[in-house]
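Here is how the chains run, residue by residue.
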Amino acid sequence: PVLNPATEAVVAECPCADEARVNAAVQAAKRAFPAWAATPMEERRAALRFVKEKLAPRKDEIVQLVVAEQGKPLMMAAFEFEMCMGNLQQNADIEVPIDVYQDDEQWRVECRRKPIGVVAAIPPWNYPLFTALQKWAAAIVLGNTVVLKPSPFTPLSMLLIGEIL
């Protein structure tokens with residue numbers, strides 16, 4: 001059960017992923033990786049803007065769920081949501097530089113950052129929205145795929161966001 005720590009009331013029952021489901025999620029992320037990594041950066045940025053657009057109208061619902069599952073005061077939960085919106089925008093605007101170490105008639109030496117694969121994102125309970133979306137957005141915009149495992153104390157907000165998207 002998911003408990004509101006402020007009231008100790010049961011908020012909801014939430015399933016726990018067993019080893020088979022975790023492995024299936026990782027395999028799905030591995031299969032999705034090559035196509036996502038090849039997706040142009042502007043399309044990945046657009047995906048983050050899309051997420052922001054889908055979540056914004058559901059702010060009150062998401063914030064209330066964070067209050068219920070975490071016991072966080074309403075004002076703090078609303079602030080956390082706004083931090084998420086800012087972070088999604090920041091990641092959508094990110095520039096990935098190409099560092100040039102040498103560029104002369106003989107050599108051009110560059111450092112290019114490339115996607116690496118599946119990222120396991122395990123956010124803590126204390127900022128369930130912000131830490132989860134912060135990890136997810138940074139990995140996604142850079143071309144990685146993500147398996148997100150929310151805290152067992154605060155899984156409901158991430159389940160709702162998954163449902164919204």
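This text follows the structure it describes.
Residues numbered from 1 in each chain as written. Predicted model: local features only at pLDDT ≥ 70, side-chain atom pairs only at ≥ 80, totals over all residues. Heavy atoms only, no water.

Draft legend 1. Here's a closer look at helix H6 (residues 156–164). Among the residues of H6, Leu156, Ser157, Met158, Leu160, Ile161 and Ile164 are the ones counted as buried. Where the residues of H6 are buried, they touch strand E1 (2–3), strand E2 (10–12), helix H2 (41–55), helix H3 (59–70), helix H5 (128–141) and strand E6 (145–148). (Buried < 20%, exposed > 50% of the residue type's maximum accessible area, 1.4 Å probe, protein only. Helix = DSSP H or I, 4+ residues; strand = E, 2+ residues; numbered from the N terminus. Contact = heavy atoms within 4.5 Å.)

Draft legend 2. Molecular detail of a nonpolar patch on the surface. Together, Tyr101, Trp107 and Val109 make up an exposed nonpolar region whose accessible area comes to about 350 Å². Here tryptophan 107 lies in the loop between strand E3 (99–103) and strand E4 (108–111). Taking the relative accessible area as the measure of exposure, tryptophan 107 reaches 49% and is therefore partly exposed. (Patch = residues over 30% accessible without salt bridge, like charges linked within 9 Å, V, L, I, M, F, W, Y side chains within 5 Å. Areas by Shrake-Rupley, 256 points an atom, 1.4 Å probe, with all protein chains shown as cover. Salt bridge = Lys/Arg side-chain N within 4 Å of Asp/Glu carboxyl O.)

Draft legend 3. Inspection of the packing of H5 against H6 at higher detail. Packing of H5 against H6 brings their axes to within 9 Å, and their N-to-C directions diverge by 50 degrees. Relative to H6, the element H5 is oriented oblique. Relative to H6, H5 is oriented so that their crossing is right-handed. Contacts from Pro128, Leu129, Ala132 and Leu133 of H5 reach H6 at Ser157, Met158 and Ile161. Looking at the contact of H5 with H6 residue by residue, the class counts come to six nonpolar, one polar and no charged. (Axes fitted to C-alpha atoms, helices over the stretch in contact; angles between N-to-C directions. Parallel < 35°, antiparallel > 145°, perpendicular 65-115°, else oblique. Left-handed = near helix turned anticlockwise from the far one by under 90°. Nonpolar A, V, L, I, M, F, W, Y, C, P; charged D, E, K, R; others polar.)

Draft legend 4. Representation of the pattern of salt bridges in the model. Enumeration over the complete set of coordinates arrives at 10 salt bridges. For glutamate 80, the salt bridge is made with lysine 72, and the minimal N-O distance between the two is 2.4 Å. Exposure class is identical for glutamate 80 and lysine 72. Each is buried. In this structure, arginine 113 and aspartate 99 form a salt bridge, with 2.7 Å as the shortest nitrogen-oxygen distance. Residue arginine 113 is located in the loop between E4 and strand E5 (118–121), and its partner aspartate 99 is located in strand E3; the two are separated by 14 residues in the primary sequence. Beyond isolated ion pairs, a larger network of salt bridges with shared partners links Glu42, Arg45, Arg49 and Glu95.

Draft legend 5. Up close: the pairing of E3. The pairing of E3 with E4 spans four bridges and is classified as antiparallel. Pairing of valine 100 across the sheet is with glutamate 110, part of E4. A loop of four residues connects E3 with E4, the two strands running antiparallel in sequence. (Pairing = 2+ DSSP bridges.)

Draft legend 6. Layout of the nonpolar core. Within the largest apolar cluster, 29 residues are counted, with the highest numbers of intra-cluster contacts made by Leu48, Leu55, Ile62, Leu88, Leu129 and Trp136. Elements with a minimum of two residues in this core: H2, H3, helix H4 (74–92), H5 and H6. Ranked by residue count, the leading element in this core is H5, at nine residues. Setting aside anything within four residues of it in sequence, one finds leucine 88 in contact with Leu48, Val51, Lys52, Leu55, Trp136 and Ala137. (Core = buried A, V, L, I, M, F, W, Y, C linked by side-chain atoms within 4.5 Å.)

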